Structure formats: structure tokens, C-alpha cells
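# Structural features, examined
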Amino acid sequence: MCALADEKIQAESHVRGLKCRECGNIYPIEAVHVCEFCFGPLEVDYNYDYIAELVSREKIARGPLNIWRYRDFLPVEGDVQDFAVGLTPLVKAENLGRQLGLPNLYIKNDSVNPTWSFKDRVVAVALSKAIELGFDTIACASTGNLACSVAAQGAKAGLKTLVFIPADLEKGKVNNAAIYGPHVVAIEGNYDDVNRLCSEIADNYPWAFVNINIRPYYAEGSKTLGFETVEQLGWRTPDHVVVPIASGSLLTKIHKGFQEFKKTGLINEVKTRVSGAQAQGCGPVATAFAEDTFDIRPVKPNTIAKSLAIGNPADGYYALKVVKETGGYVEAVTDEEIVEGIRLLARTEGIFTETAGGVTIATLAKLARTGKIKPDELTVAYITGNGLKTQEAIEEALAAPSKIQPTLEAFEAVIKGGSK
Ligand SMILES: *Cc1c(COP(=O)(O)O)cnc(C)c1O
Ligand SMILES: [Zn+2]
């Protein structure tokens, strides 16, 4: 009896509550995301001394082969979603590294999650928390991948599910969301319009919008990409990471993951430089970096990298702060460079990524070319989504197949014709 009561108290004490990132005001664990005093964003507040007592490298290594091996660092208390998310490959990119002059390059291939993007991580945490908080309906404002993940995990958990997307989304993403049977709402406008409308809906309906009222919990899911990187490198942090920026949340949370492993004694030091990648057609954080200001001016997105097309990034300021504090860079690349980046990764490492991955690889190449990533740095580039979802982006750039009659002569004519 006594032991049970103790356990309950302990189970609840790794999370203290929510805390405003600006004024530090404390809130209970509820479906809230904005400070009522200063309108600052709320973030989960942990008891790291307590977590340090709880965790060890060995305990994590014995854990499940998914993100829940790090659950002592995640804001959930009860049952978690039975959806195998995470523990994706960290591959040594010998071929790409040789081309870029980076002999110590790794690709974290997060395009092989259950719905083919890193969004499965954030949704797994958000959904577990939403159920814990008593919601029966889950929803999101999406640039594409989030809709796929919410729809799939919502279906598996038996929740009512609505996903809101911009009407001009790639077919691969619309189909990948619709197949799981959610209510798909396509809005005539860009992501920033979708997000604005969803905030209004969230105020009027008792639903769990994973990236609005559940956002503080949702965002924590991205830390697992940082945790996995450290564990897969043999309990060390990279020297440099390159991370795509949409809202900017992922970039800040990979860095937070590294810091939390240090705070709880799992590793000794973090010297990682964090660099951000954007498309020139939607690069408000890159522009602010180039102009050496923290004043991020919203833009109207116009790029093939639709999954990164957030013109007014909610966490852009915090992402920029991490980049500057760690000595990283933010670069923006053109649509042509994005396509070239997708092709380069495929041809060198056999990984077919979506446009966001093209942004990351093109930015990586640019940082290497300009000496901003040093050749000896252990560098990790984050590939966050799968190329099968954005096929229209590369279609025109590819050679058509050699089409022949089913005869040896026809084949040999083609082979001799110099086809490769
Ligand atoms: C959403 C998304 C990102 C960036 O996420 P933020 O946390 O909003 O910066 C990166 N890559 C892909 C493929 C995405 O879908
Ligand atoms: Zn506040």
C-alpha cells in the first residue's frame, strides 16, 4: 500500500508542470499552450534531479525499440500509444561525405517511420497525452506530414480524427492522410491561414489539436531525435547538426535533447553546433540570420518544399537563438538546389527523401562548400520525410525509362546506344 502510494508520487514527479518561456509563470498539466499574462509559449517543466536518479544508459538500452525507451524524458504518465515510432537508422554516409569533403558525415534517416516522416514522433507523444487528458477527438493544422501521422495514429487509437491542410498540397500527402479515414478539410489558403483558422476552431470545440492546444507536449516528441542520435553514436553528441526549419520546433528540441542527456549525467559535454535549413521561397529565419537580427519578418511561402512552408514560424525566434548560441548557421536554398539535393542523396546513399530532405542536403552541401562545416566535424544531417510523398517535385528532372519491345535485339540496341 505504502509502496504503491510512493510509486504514484514518483511516477508523477518527473514533470513539474508547464512553464512560460518568457515570464516563467507556472501552469498545471492541461491542454493550454499560451501564457495568459504575457502570451509567451508554454513548455514542459521537468524535475531533472529526479530524472537523473531514474535514468541510466543501461536502462535505456534495455527499453523498447522505439521512442518510449526515453519515456523518463517525455511528458506522459499512463499508457502510451502502441505505435512503433522511432529508433530509425543513423547511417554513416561514406559516399555523400566523399562528395562533400566530409569524411565524418551521418544521415539520420527518419523518413522510415510508420507514416514516413518524423512527425510520427511528435504525434505519438501528443496523442498519448490527449487521451490522458480525456479527449476523444484529435485534430491538427498541417503542412502535410502531420496530417498523415495524426490520421494514422488517430485511427489506431480509435479516436475521432480531423486534419486541416492547405488545398494545394501534394497528392501523395493528401492520399497518405485520407487512407486512414479521418475527416480531411482542405483550406483555400496557405499553412498560416490553416493555422489561424484552426486556432479559432480550437477555441470553440473541445478537441485536442496536437500542434495548438497540445503543442507543449507534442513538441517534446522531437527531442527523441536528439536522444537517438547520441545513443546511436555510442553516447556522444555530434560536432555539427543540420536540421530543417518549418516552425523551428524540431531544431530547438534536438538541441534540448542533447542538453537533457547532459543535465541528467548520461553524457559529459555538448559542443554541438546547430545549423538550420530553409527554402529561399520560405526562409524567414535564414533572412533574419543573414541580417543579424532576431526580428523574424513573416513571408508568403512560395516553394516546392511544402512541408517547410510556414511563413510565420512559431518557434523561429527560439530556433535562431539556439543557432547563434551554438555557433551554427541558417542557410536558404533554391527550388533547383532542393531537387538537386534529393537526387544527390538518392544517388550516393540510396535514400529517397522528400523536398524537406532536399532542403537539408542542399544546405549541408552549401555549408560544406563554404567551409562553415569543417571537414573533421562529426556531422549529422536530419532527413525528416520520404520522397514517395512528393514525386511531382522530381518527375521532370528524371530520365524516362528505356522503353523497348521484349526482344534481345531491342535490348542490345538500347545498350549499344550508350544508355547507362
Ligand atoms: C514538419 C516538418 C519539419 C519541421 O518541423 P518544425 O518542428 O515545424 O520545424 C521538417 N521536415 C518535415 C518533413 C516536416 O514534415
Ligand atoms: Zn508568460
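Here, every reference points to the structure presented above.
Sequence order as written defines the numbering, with residues in each chain counted from 1. Numbering of ligands from 1 and lettering of chains from A proceed in the order in which they are written. Residue-level local features of this predicted model are given only where pLDDT is at least 70; pairs of side-chain atoms are given and counted only at 80 or more, and the full residue set underlies all totals for whole chains, interfaces and linings. As a rule here, side-chain values come from all non-hydrogen atoms in the structure, and water together with hydrogens is ignored.

Now for the sheet that holds strand E8 (residues 183–187). Strand order in the open sheet made by the 4 strands is E8-E7-E6-E9, with parallel pairing throughout. Two strands lie at the open edges of the sheet, namely E8 and strand E9 (208–209), each paired on one side alone. Two strands are said to pair when DSSP picks up at least two bridges between them. A helix here means a DSSP run of H or I that spans at least four residues, while a strand means a run of E at least two residues long, and both kinds are numbered starting from the N terminus. Inspection of the sheet shows strand E6 (residues 137–141) paired to E9 by 2 bridges, in the parallel sense. Looking across to E9, one finds that Ala139 is bridged to Phe209. Along the sheet, helix H8 (residues 191–204) contacts E6, strand E7 (160–166), E8 and E9; its crossing angle with E7, the most-contacted strand, is approximately 145°. Any two residues whose heavy atoms approach within 4.5 Å at even a single point are treated as in contact. A fitted line through C-alpha atoms serves as each axis, taken over the contacting stretch for helices, and the angle formed by two N-to-C directions is quoted from 0 to 180°.

Listed as protein donors to the zinc ion (ligand 2) are Cys20 (SG), Cys23 (SG), Cys35 (SG) and Cys38 (SG); their distances from the metal cover 2.2 to 2.3 Å. The sequence pattern formed by the donor residues of the zinc ion (ligand 2) is C-x2-C-x11-C-x2-C. Taken together, the residues Cys20 in strand E1 (residues 15–20) and Cys35 in the loop between strand E2 (26–27) and strand E3 (42–46) connect sequence positions 15 residues apart. In this scheme, a residue with accessible area under 20% of its type's maximum is buried, one over 50% is exposed, and one in between is partly exposed, where area comes from a 1.4 Å probe on protein chains only. Looking at Cys35, the relative accessible area reads 1%, which means it is buried. For Na, K and Ca the donor cut-off is 3.2 Å; for every other metal, N, O and S atoms count as donors within 2.8 Å. Water does not enter the count, which can leave sites looking incomplete.

The next point concerns the packing of aromatic side chains. Side-chain rings of Phe, Tyr and Trp, where Trp is taken by its six-membered ring, are said to pair if the distance between their centres is within 6.5 Å; with planes under 30 degrees apart they count as stacked, over 60 as edge-to-face, and otherwise as tilted. According to the stated counting rule, one finds 13 aromatic pairs in the structure shown. Centroid distance Phe289 to Tyr329: 6.2 Å. Interplanar angle 70°. Geometry classified as edge-to-face. Pair noted here: Phe289 is in helix H12 (residues 284–290) and Tyr329 is in the loop between helix H13 (316–326) and strand E12 (330–333), with a separation of 40 residues, a long-range link. Measuring from centroid to centroid gives 5.1 Å for Tyr317 and Tyr318, while their planes differ by 75°, and the two rings are edge-to-face. An aromatic cluster is built from Tyr70, Phe73, Phe227, Trp235 and Phe261, whose rings are joined through pairwise contacts. Over the ring of Tyr318 we find Arg21, and its NZ or CZ is 3.9 Å from the ring centre. Directly above the ring of Phe294 sits Lys324, whose terminal nitrogen or CZ lies 5.3 Å from the centroid. Geometrically, a charge over a ring is one whose NZ (Lys) or CZ (Arg) sits within 6 Å of the ring centre while staying within 35 degrees of the ring normal.

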